[in-house]
Amino acid sequence: MNKGKRLLGILLVGALTVGMVWTAKAANVSDMKDKQQQLEDQQKKAESEKASLAAKVNALSASMQQAEADLKQKQSEIEVAEEELIAAKLDENKQYENMKLRIRYMYENGNVNFIEIFIESNSLADFFAKTESISKISEYDRKKLEEFQLTVRAVEEKELELQAEYQTLAKLQETIATQQAEAKALLAEKASELAKINADLSTLKGQIKRAEDEAKRQQELAEANQKPNGSGSGSSSSSGQTETPVVSGNGFFTHPCPGMSYQSSYFEEVRQGIGDTTPHKGNDYAAPRGTPIYAAAAGTVIIAGYSSSAGYWVVIDHGNGLVTKYMHMFERPYVSAKQKVVKGQHIGGVGSTGQSTGNHLHFQVELNGKPVNPSNYL
């Protein structure tokens, strides 16, 4: 009776403690959700800026393509102008050479030609007509030369103009290329920034989910401990045999600490943070103090007591070399040595006795004296 009252008092204190912890956890979840909102705002802003930069890069790419097309077109026009200039200069040179030949011929044979023309002329009028023809030929040569020279100058001016336009387009292309490179660099930075925000947001959402689940478990435990006939009310006998066995899962073993716990350490895990470099021999299930612990399977209790390392603990023999160990209970186990237990029987409560850094159940499975992975049996 006294033990039942003591257990009831402990559980009530535990419920109060759990309620305080739950309130603190709820505040922590609220802070994390505020941080989540900030990250989501940053995410939207970064996505908008990224989209704007991507549009700018696309626009600059289109401008670059147009600039390249314009340069190509201008180069073609320059090549045509160069060919026209060559042809005009050839015409000019040909006309100039022909005119020089005629002038030279008339200069070297001028008097003879005039005498011959005079002798061969039928009349003075015929003589003047023939000499006038010679003058017209010379005048024609000069006019044609001037025309060709004008054509050359026009083509030269056109080529110079095209070259200037080409240089302007080339500078424009260079400017666009610089802007495009800068925009691409900014886009890469923004993509990296957004990736980090997304990663941080994903991590935070996971933390919020775990915190909410833990807060919910603690609240459920507080409510369960306050029920008059609940498992934490002290109505259980020290052996736990008056309770209905709790069995979960479809494995050979039922979960030894279902509902209120979460797995905080794994079989063969090397837990550097607590100064232990040896592989972990079992699974750890973190849970509030007093959370029920159940026998994983039917068997015979071979140890139910206290150890300096395991704290309050229970060891059950299930036969065929299979043994389970339940460590760090918050008080003396609810079963005793040599007692027969059934699968799912309440055998104790989670605590932090012995070598422990916090409330949890260390659940260990051994086959023929060697630790094996508990998860293989759950």
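To be clear, the structure that these remarks concern was listed above.
Residues numbered from 1 in each chain as written. Predicted model: local features only at pLDDT ≥ 70, side-chain atom pairs only at ≥ 80, totals over all residues. Heavy atoms only, no water.

Trainee: Can you tell me about the overall build of the protein, naming the residues and giving the values?
Mentor: Looking only at helices and strands, the protein has three helices and ten strands in total. Going from N to C terminus, the protein has its helices and strands arranged as α-α-α-β-β-β-β-β-β-β-β-β-β. In the protein, which comprises 378 residues, the proportion classed as buried is 35%. Here the analysis covers contacts within the protein between residues at least 6 apart in sequence; of these, 71% occur between residues at least 24 apart. (Helix = DSSP H or I, 4+ residues; strand = E, 2+ residues; numbered from the N terminus. Buried < 20%, exposed > 50% of the residue type's maximum accessible area, 1.4 Å probe, protein only. Contact = heavy atoms within 4.5 Å.)

Trainee: Break down the side chain of His328 for me, citing the residues and quoting the values.
Mentor: Positionally, His328 belongs in strand 6 (residues 322–329). The contacts of His328, once residues within four sequence positions are left out, are Ser309, Ala310, Tyr312, Val350, Gly351, Ser352, Thr353, Gln355, Ser356, His360 and His362.

Trainee: I'd love a proper account of the pattern of salt bridges, names of residues and values included.
Mentor: Tallied over the entire structure, the rule returns seven salt bridges. Measuring nitrogen to oxygen at the nearest pair gives 2.5 Å for the salt bridge that ties Lys74 to Glu165. Residue Lys74 is located in helix 1 (residues 2–108), and its partner Glu165 is located in helix 3 (residues 124–225); the two are separated by 91 residues in the primary sequence. For Lys74, a relative accessible area of 13% corresponds to the buried category. (Salt bridge = Lys/Arg side-chain N within 4 Å of Asp/Glu carboxyl O.)

Trainee: Tell me about the nonpolar core, and name the residues and values.
Mentor: One finds Phe253, Val314, Ile316, Tyr326, Ile347, Leu361 and Phe363 to be the most contacted residues of the largest nonpolar core, which totals 23 residues. Breaking this core down by element, the ones donating at least two residues are strand 5 (311–319), strand 6 and strand 9 (360–367). If sequence neighbours within four positions are ignored, Leu361 has contacts with Pro256, Cys257, Asn283, Asp284, Tyr285, Ile293, Tyr326, Met327 and Val350. Counting residues in each nonpolar core, the second largest holds eight residues, with Leu60, Met64, Ala67 and Leu187 among its members. (Core = buried A, V, L, I, M, F, W, Y, C linked by side-chain atoms within 4.5 Å.)

Trainee: If you had to explain the packing of aromatic side chains to someone new, which residues and values would you point to?
Mentor: Using the criterion set out here, one finds five aromatic pairs in the structure. Between the aromatic rings of Phe253 and Phe363, the centroid separation amounts to 6.3 Å while the plane-to-plane angle is 75 degrees, which identifies the pairing as edge-to-face. A residue pair is termed long-range when its members are at least 10 positions apart, and Phe253 in the loop between helix 3 and strand 1 (262–265) and Phe363 in strand 9 qualify at 110 residues. The buried category is assigned to Phe253, whose relative accessible area is 1%. Taking the centre distance of 5.4 Å and the plane angle of 45 degrees together, the rings of Tyr326 and Phe363 count as tilted. Of this pair, Tyr326 sits in strand 6 while Phe363 sits in strand 9, placing them 37 residues apart in sequence. Neither residue differs from the other here; Tyr326 and Phe363 are each classed as buried. Among the aromatic residues, ring-to-ring pairing joins Phe252, Phe253, Tyr326, Phe363 and Tyr377 into one connected group. (Phe/Tyr/Trp six-rings, centres within 6.5 Å; stacked < 30°, edge-to-face > 60°.)

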